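# Report on the structure
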Amino acid sequence: MLRGIDVSAYQSSDYRTDGLSFVFVKATEGRTYVNPKLAAQTKTAREAGLVVGFYHFLWPGNLTEQAEYFVAKAPDRPGDILAVDWETTGGGTHATNAEKDSFIRKVKALRPDNRVILYCNRHFWLNVDTTSYAGDGLWIADYGTAGKPRIEAPWRFHQYTDDPVDTNVARFADRAALREWAAGD
C-alpha cells in the first residue's frame, strides 16, 4: 500500500513528504472559501514528485456554482485527482445524496480528464449514502488499521488516522500504478 496525507490550512505549507506517494490538498469549501495555503502546499507536493489531489468540502445547495468554483480554484493539471469531501458541515447540515452525486458528475463534466472521487467517513457510507455513487473511486475515512476500513465496498484510498495529520493509504502496487490510474490510463 502507498502512503499519503491530506492537508488544509491547519497544516504547514512545507509539510514533510518523506515516505509519501500522494497528498490531497484542500482547495475550496462552499462557494466562498479558498485554502490560503493552496499554492504553497501544492508546490511542496509537486517538488517531492507526489501524485496530487485536491478536495472540495461540499455544502448543501448551489451544486453547479460549487462545482464551478472548485474547478476554477483547483489547479488544472492532467493526472491530478479531484475529490468531494462529503460530511456534516459546521452548521450541522450536509448535502443530500442527490446533491453529492450531482456535484461529482458536474465536476467530471467540467474536468473530464481528471479522476473525480468521493471522500466520506464510514458512518456516511453505511448510514447516509443511499446511491453508492463515488465517481471514479471511494476515499473512505475509518480510523483503525491502515488498509482495513470496515466496509465491504471497493475503495481506492483509506484515511485511517488523524494523528498527527490525516494519514492515508492507497490501494495501488506502486506510485507508477497510482500515477497511471490518476492519468486515466
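Please refer to the structure placed before this passage.
Presented here is an overview of the structure given in this document. (Residues numbered from 1 in each chain as written. Predicted model: local features only at pLDDT ≥ 70, side-chain atom pairs only at ≥ 80, totals over all residues. Heavy atoms only, no water.)

Let's shift gears to helix α5 (residues 175–182). Every buried residue belonging to α5 is among Leu-178, Trp-181 and Ala-182, and all of these are buried. With its buried residues spanning 95° around the axis, α5 presents them on a single face. Those residues of α5 that are buried lie in contact with β1 (2–7), β2 (22–29), β4 (51–57), β5 (81–85), β6 (115–121) and β8 (157–161). Looking at where α5 begins, the residue whose side-chain oxygen comes 3.2 Å from the main-chain nitrogen of Ala-176 is Asp-174. Phi turns positive one or two residues past the end of α5, at Gly-184, with a value near 85°. (Buried < 20%, exposed > 50% of the residue type's maximum accessible area, 1.4 Å probe, protein only. Helix = DSSP H or I, 4+ residues; strand = E, 2+ residues; numbered from the N terminus. Arc of directions from axis to C-beta. Contact = heavy atoms within 4.5 Å. Polar contact = N/O pair within 3.5 Å; in protein donor to acceptor, adjacent residues only side chain to side chain.)

Turning next to the layout of surface pockets. Its boundaries defined by the atoms lining it, the largest pocket holds a volume of some 270 Å³. The wall of the largest pocket is formed by 17 residues, among which Asp-6, Ser-8, Tyr-55, Asp-85 and Asp-166 lie closest to the centre. Sorting the residues of the lining of the largest pocket by element identifies β1 and β4 as the ones contributing at least two each. By volume, the second largest pocket is sized at about 160 Å³. What lines the second largest pocket is Arg-3, Gly-4, Ile-5, Tyr-15, Arg-16, Asp-18, Gly-19, Leu-20, Pro-164, Val-165 and Thr-167. If one sorts the elements of the lining of the second largest pocket by residue count, β1 sits on top with three residues. Residues belonging to the lining of the second largest pocket are distributed by class as follows: five nonpolar, three polar and three charged. (1 Å grid on protein atoms, 1.4 Å probe; cavity = no way out; pocket = protein on both sides within 12 Å on 5 of 7 lines; lining within 4 Å. Points joined across faces, edges and corners; volume = space filled by probe spheres on them. Nonpolar A, V, L, I, M, F, W, Y, C, P; charged D, E, K, R; others polar.)

Moving on: the packing of aromatic side chains. One pass over the structure, following the stated rule, counts 11 aromatic pairs. Ring centres of Tyr-119 and Trp-139 lie 4.6 Å apart, and the angle between their planes is 70°; this geometry places the pair in the edge-to-face category. Placement of the pair is Tyr-119 in strand β6 and Trp-139 in strand β7 (residues 138–141), with a sequence separation of 20 residues. Like Trp-139, Tyr-119 is buried. By way of ring pairs, the aromatic residues Phe-22, Phe-24, Tyr-55, Tyr-119, Trp-139, Phe-157, Phe-172 and Trp-181 are connected into one cluster. The ring of Tyr-133 carries the charged tip of Arg-105 above its face, separated from the ring centre by 4.0 Å. (Phe/Tyr/Trp six-rings, centres within 6.5 Å; stacked < 30°, edge-to-face > 60°. Lys NZ or Arg CZ within 6 Å of the ring centre and 35° of its normal.)

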